[in-house]
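Summary of the model geometry
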Amino acid sequence: MAGDRTPSAGWVTLDDLERDPHPTLARLRADHPVAWVPALGMWMITSRALALAAMQDFEGLTVDDPRFSTGQVVGPSMLSLDGAEHTRHRAPFVGPFRFGRIDDGFTDAVQGFVGDLLDRAEHTAATAGTVELRTALAAPLATRTMMLALGLDTAAEGTILAWYASIVHAVTEITRGNPIPADGRAAYAGLAAAISAAGTRPGARTLLAEAMGAATALDEIEVAANAAVLLFGGIETTEGMIANLLHHLLTEPGLLAAVRAEPELLGPCIEESLRLEPAAAVVDRYATRDVSIGGVVIPAGDPVTISLAGANRDPATFADPDRFHPGRDALRQHLTFAAGPHVCLGAHLARLETRLLVHGLLQRFAQIDSVAEASDPPRGLVFRKPNRITAHLSRM
C-alpha cells in the first residue's frame, strides 16, 4: 500500500516540523494540502477548509484507534472516543466548564494565584536581575488552576508536575513512533490514583467532584482517565498559550507598548497569538474507511495528522498570515481549540488565566524587557512553546 500513498512529501523532516514548521507547512499547503509525510508515517492536512472538514467527520476519521497516542497512555477517554461513547464520557464535564461557570468560579482564585506568582517574580528580579517567565509564571499558573479545578492537593504540586512531564514525554515518544516509556505508565498510575482520591473526598466542591456526581454512566477508572486528559490539556496547552503570547508581546516591535496604551487590545492579541502559534500544533485521526479529502484518497486504517498550525496560517482565510496582526477581520476563525465533537472544553478557562496573568504583569511592572540571548522562539513537534522567556522586570 505504501506505493499508493501519493502525493508524498518525502522532503519533510521531523526537524523541519519541530524547529520552525511554518515554511514547510506553507509549501505543503500550496502544493499538496493533503499529503503523505514519510517522516511522520502519517497523512498531513494543512489547509484550513480541509482541516475543519476532517475534524467534523468523526465517522470517516476517528480518534478511536489503539494507535492514538494519549489513549495509549491514559486509556479510553473523551479524547480518544467518538460517537455515543464520546458523548457518554464528555457530557458530565461540559456543564462545569461553561463560560459563566468558569468566569464566576475561577476569577478570584486565578487572580490570587497571579498575585502570588508576581510577588515571587518581583523578588527574583530584585535578587537575580532577570526572571524566566515560562517557568516562573506560565507553568505554575496553569498547574495551580487545574489542581484547583480537580481538587488535587496543592502541596503535591511538584509531584503532579513530575507526573505531567513524564506523561507529556510519553505522548511525544509515541508520536515519534517509539514505545511508551516505563516512567510514563508509572506517572499515569500515580496521577489516576490522586485524581480518584480527590474526586471522592467527602465534601469536595470542585469541577471534578461535580462531574463525578453527574457521571452516573462512568466508572471510577473512566472518570480518572477523563480528568487526567483535562489536567494534561489544562497544563500543557495553557502554559504554551501563555508562553507563546509573552514571546509575541516581547518580540513584536511596539506590541507591548500598544497593549499598555490600549488595554482593550489584550483580547485581540490573545486570539492572534493563538492563531499564529497554537500550543498544540496538531490533532490526530485514523481513517475508518477509504476517505476522499481534497481530491486525495486516504486508505482505510491510515493515520492522519491535522495541522492546526498550518490551518491557522492559511492565506485563503488569513491575509498576510505570517504577520502578527490583532486587528485582522478573521481574528477568531483560528482552529487552535479544534472544532467538531472534540472542540476544547477548557478554552474559556485558558483565556481567563492568560488574560489575568498578562494584565497583572503589565500593571505590576512598568518595564519588561526581553533578554534576547536568554530567550527562545516556540519549538516542538506536537506541543509548541518557548523553552525560555527571560526578561528584566522593573516597577520603574
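Coordinates for the structure precede this section.
Cut-offs and rules
- Residues numbered from 1 in each chain as written.
- Predicted model: local features only at pLDDT ≥ 70, side-chain atom pairs only at ≥ 80, totals over all residues.
- Heavy atoms only, no water.
- Phe/Tyr/Trp six-rings, centres within 6.5 Å; stacked < 30°, edge-to-face > 60°.
- Buried < 20%, exposed > 50% of the residue type's maximum accessible area, 1.4 Å probe, protein only.
- Helix = DSSP H or I, 4+ residues; strand = E, 2+ residues; numbered from the N terminus.
- Lys NZ or Arg CZ within 6 Å of the ring centre and 35° of its normal.
- Pairing = 2+ DSSP bridges.
- Expected span 1.5 Å × (residues − 1).
- Arc of directions from axis to C-beta.
- Core = buried A, V, L, I, M, F, W, Y, C linked by side-chain atoms within 4.5 Å.
- Contact = heavy atoms within 4.5 Å.

1. Regarding the packing of aromatic side chains
In total, this model carries 2 aromatic pairs according to the counting rule given. With centroids separated by 5.6 Å and ring planes inclined at 75°, the aromatic side chains of Trp36 and Trp43 adopt a geometry described as edge-to-face. A relative accessible area of 10% means that Trp36 is categorised as buried. With a centroid separation of 5.6 Å and an interplanar angle of 75°, the aromatic rings of Phe232 and Phe383 are classed as edge-to-face. You can see Phe232 sitting in helix H11 (residues 220-251) and its partner Phe383 sitting in the loop between strand S9 (367-370) and strand S10 (390-394), a full 151 residues away along the chain. As far as the burial class goes, Phe232 and Phe383 line up, both buried. The aromatic ring of Trp36 is capped on one face by Arg5, whose charged end is 4.1 Å from the ring centroid. Stacked on the ring of Trp11, the Lys or Arg Arg27 has its end atom at 3.6 Å from the ring centre.

2. Notes on the sheet that holds strand S3 (residues 61-62)
Strand order in this open sheet of 5 strands is S1-S2-S8-S5-S3, and the pairing throughout is mixed. On the outer flanks of this sheet lie strand S1 (34-37) and S3, each paired with one strand and no other. Sheet topology places strand S5 (residues 282-287) next to strand S8 (residues 303-307); 5 bridges connect them, and they run antiparallel. Paired with Val283 across the two strands is Ile306, which belongs to S8.

3. Let's talk about the pairing of S1
Look at any regular strand and the pattern is simple: side chains alternate between the two faces of the sheet. Alternating positions in S1 separate into two faces, Val34 and Trp36 on one and Ala35 and Val37 on the other, with burial throughout. The pairing of S1 with strand S2 (residues 42-45) spans 4 bridges and is classified as antiparallel. Residue pairing for S2: Val34 is matched across the bridge by Ile45. As consecutive antiparallel partners, S1 and S2 are separated by 4 residues, and within that stretch Gly41 has a phi angle of approximately 70°, a positive value.

4. A closer look at helix H5 (residues 83-94)
The periodicity of an α-helix, 3.6 residues per turn, causes residues three or four places apart in sequence to face the same way. Here H5 is 12 residues long and its end C-alpha atoms lie 16 Å apart, about the 16 Å a rise of 1.5 Å per residue gives. Within the span of H5, buried status applies to His86, His89, Arg90, Pro92 and Phe93. Seen end-on, H5 carries its buried residues on one side only, within an arc spanning 155°.

5. Points about the nonpolar core
Formed by 98 residues in total, the largest nonpolar core has its most connected members in Leu133, Tyr188, Ile368 and Leu393. Top contributing element to this core by residue count: H11, with 17 residues. With residues up to four places along the chain from it excluded, the contact list for Leu133 reads Ala138, Leu246, Leu250, Ile389, Ala391 and Leu393. By size, the runner-up hydrophobic cluster in this structure holds 22 residues, among which are Trp36, Val283, Ile298 and Ala339.

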